[in-house]
Every structure is written in structure tokens, then in C-alpha cells.
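# A structural walkthrough
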Amino acid sequence: GDKVKQSPSALSLQEGTNSALRCNFSIAATTVQWFLQNPRGSLMNLFYLVPGTKENGRLKSAFDSKESYSTLHIRDAQLEDSGTYFCAAGYNKLTFGKGTVLLVSP
Amino acid sequence: GPKVLQIPSHQIIDMGQMVTLNCDPVSNHLYFYWYKQILGQQMEFLVNFYNGKVMEKSKLFKDQFSVERPDGSYFTLKIQPTALEDSAVYFCASSYFQNTLYFGAGTRLSVL
């Protein structure tokens, strides 16, 4: 099965609403990274996490290594948040999930 | 934020030819990586590189693949010879320590 399982696989939001994405790990994860891949294909690093939480603007992420999951919360979704969100676990060799495709509409 | 540049953005070649993908990593970064993404699928690790040497490679890193970074210039991925299944987007990434990875925009390789 998938070592890094992301849910949901796809999500539609209206502008201004909130949502949460999730990653479950079946491998031992000590660090997690979240990325946003835009429609052109470029990947942007959103968070690098050890167990705990981080916040950056409208985004907040948490990583619980004991329960083997991580979440990414999006507050007040904007059109530019659309894209595919990937989580990845690993220290020197990242294992990626299959991504959550997010579409934010007016 | 820090930029990783990949050249070219798209490369089309005939099966059996050699191809070199070029990556200009963030200037003070020490660790370099290649990942492969087949259309619609997740990114998969190919190889990482530090201090002039391959540290770790995956099963996807076939014998036809090689990487190098001569004299601190481009970090390159060479495939010789190419096969149809090598068609994918190849992403280069770099990091200062083994932590936050910064990715390039990818090179789309089409093997005909």
C-alpha cells in the first residue's frame, strides 16, 4: 500500500472558506514537508516540520510523529491557493503522497 | 525565496539517444537531488548527491543514469541511452542541510 497516504484526493472550496488536508504515514517519519505544485508544475515548499506545529499566514500545519499523521489547514481560501498539495516524509530521501488537488472558486 | 533553475524546460529526443538535464541549484546549498514525476502521479526519488558523491539512489535510478556536478557548476542528470519509459518530468532540488528542499520547475522529457 501507499507509504504516504493523502486525503482527500481532490477538494473544491469557495473563496473565503477553510479546510484541512491530511497525510497518514505507514513509514517511520521524523520530518514532514508540504509542497504546493502550481498548474505550471512548479513546486513551492510550504512547510518543513519536526513534530509540532507551524503557521505561515493563512496556512497552519501540524505533525504528530507518534500517531503518524500531518495536517495542513487553509484558512480564508483564495484563488491563488489552487493547485496540488503534496506532503512528503523522510530525512534525506523524501517519500511523497499522491497529492490533493485543490480548486478554489469565486 | 531561493531559486533552483532547470534547463531546458522541455526536451524531445529519440529513443536510444543520450540526454543531459541541467540544474543550477541554490548557490550555497550542499545537497542535491533528482526526482521523477510521471504525468498525474506522485514525485519519486531518484538520487541524492553530496560532496561530489552519490549518497543514495532508488531502484528507478537505472544503470543508464548518471549524475555529476563538475567544479561546482550545473548539477546534471545524464541518461544514456534513453528508453520510452524515461518520459517524465524530472525535478531537481537542493538543500543546505538535509532539511528544507527547494525544487526547480522541472524538465519535461519526451522520448519518442
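Conventions adopted
- Residues numbered from 1 in each chain as written.
- Chains lettered and ligands numbered in written order.
- Predicted model: local features only at pLDDT ≥ 70, side-chain atom pairs only at ≥ 80, totals over all residues.
- Heavy atoms only, no water.
- Helix = DSSP H or I, 4+ residues; strand = E, 2+ residues; numbered from the N terminus.
- Rg over C-alpha atoms; globule rule 2.2 N^0.38 Å.
- Buried < 20%, exposed > 50% of the residue type's maximum accessible area, 1.4 Å probe, protein only.
- Contact = heavy atoms within 4.5 Å.
- Areas by Shrake-Rupley, 256 points an atom, 1.4 Å probe, with all protein chains shown as cover.
- Lys, Arg positive; Asp, Glu negative; His and termini not counted.
- Charge placed at Lys NZ, Arg CZ, Asp CG, Glu CD.
- Patch = residues over 30% accessible without salt bridge, like charges linked within 9 Å, V, L, I, M, F, W, Y side chains within 5 Å.
- Salt bridge = Lys/Arg side-chain N within 4 Å of Asp/Glu carboxyl O.
- Pairing = 2+ DSSP bridges.
- Disulfide = S-S within 2.5 Å.

Each helix and strand counted, chain B has zero helices and eleven strands in total. Tracing chain B from N to C terminus, the helices and strands come up as β-β-β-β-β-β-β-β-β-β-β. What you see for chain B is a C-alpha radius of gyration of 13 Å, in line with the 13 Å of a compact globule of 112 residues. Dimensions of chain B along its principal axes, counting C-alpha atoms only, are 35 × 25 × 25 Å. Taken over 112 residues, chain B has a buried fraction of 46%. Of all intrachain contacts in chain B linking residues separated by at least 6 positions in sequence, the fraction that spans at least 24 positions is 54%. A total of about 5,700 Å² of accessible surface is found on chain B, and carbon and sulfur atoms cover 50% of it. In chain B, 9 side chains carry a positive charge and 9 a negative one; their mean positions are 4 Å apart.

So, about a nonpolar patch on the surface. All names here are of chain B. Together, Leu30, Tyr50, Met55, Tyr96 and Phe97 make up a nonpolar patch on the protein surface, roughly 440 Å² of accessible area in all. Tracing the backbone through its elements, the reader meets leucine 30 in the loop between strand S3 (19-24) and strand S4 (31-37). Relative accessible area serves as the criterion here: at 35%, leucine 30 is assigned to the partly exposed category.

This next bit is on the pattern of salt bridges. All names here are of chain B. Under the defined criterion, the tally for this structure stands at five salt bridges over all chains. For lysine 62, the salt bridge identified is with glutamate 85, shortest N-O distance 4.0 Å. Taken together, the residues lysine 62 in the loop between strand S6 (53-57) and strand S7 (65-68) and glutamate 85 in the loop between strand S8 (75-79) and strand S9 (88-95) connect sequence positions 23 residues apart. Take glutamate 85: its relative accessible area is 52%, and that puts it in the exposed class.

All names here are of chain A. In strand S7 (residues 59-64), alternate side chains face the same way, and those of Leu59, Ser61 and Phe63 are buried while those of Lys60, Ala62 and Asp64 on the opposite face are not. Of the strand pairs in this sheet, strand S6 (residues 52-56) and S7 are connected by five bridges, and their pairing is antiparallel. Bridging from a neighbouring strand, asparagine 56 pairs with leucine 59 of S7. Alignment of S7 against strand S8 (residues 69-74), held across six bridges, turns out to be antiparallel. Residue pairing across strands places lysine 60 opposite histidine 73, the latter belonging to S8. What sits between S7 and S8 in their antiparallel hairpin is a turn of four residues, with serine 68 showing a positive phi close to 60°.

Another aspect to go through is the state of the cysteines. Residues and elements named next belong to chain A. With the rule as written, the count across this model stands at two disulfides over all chains. Note that cysteine 23 is cross-linked by a disulfide to cysteine 87, the S-S spacing being 1.5 Å. As the torsion about the S-S bond is roughly -85°, the cysteine 23-cysteine 87 disulfide counts as left-handed. With a gap of 64 residues between them, cysteine 23 in strand S3 (residues 19-25) and cysteine 87 in strand S9 (residues 83-89) connect regions that are remote in the sequence. Across this residue pair, the class does not change: cysteine 23 and cysteine 87 are buried.

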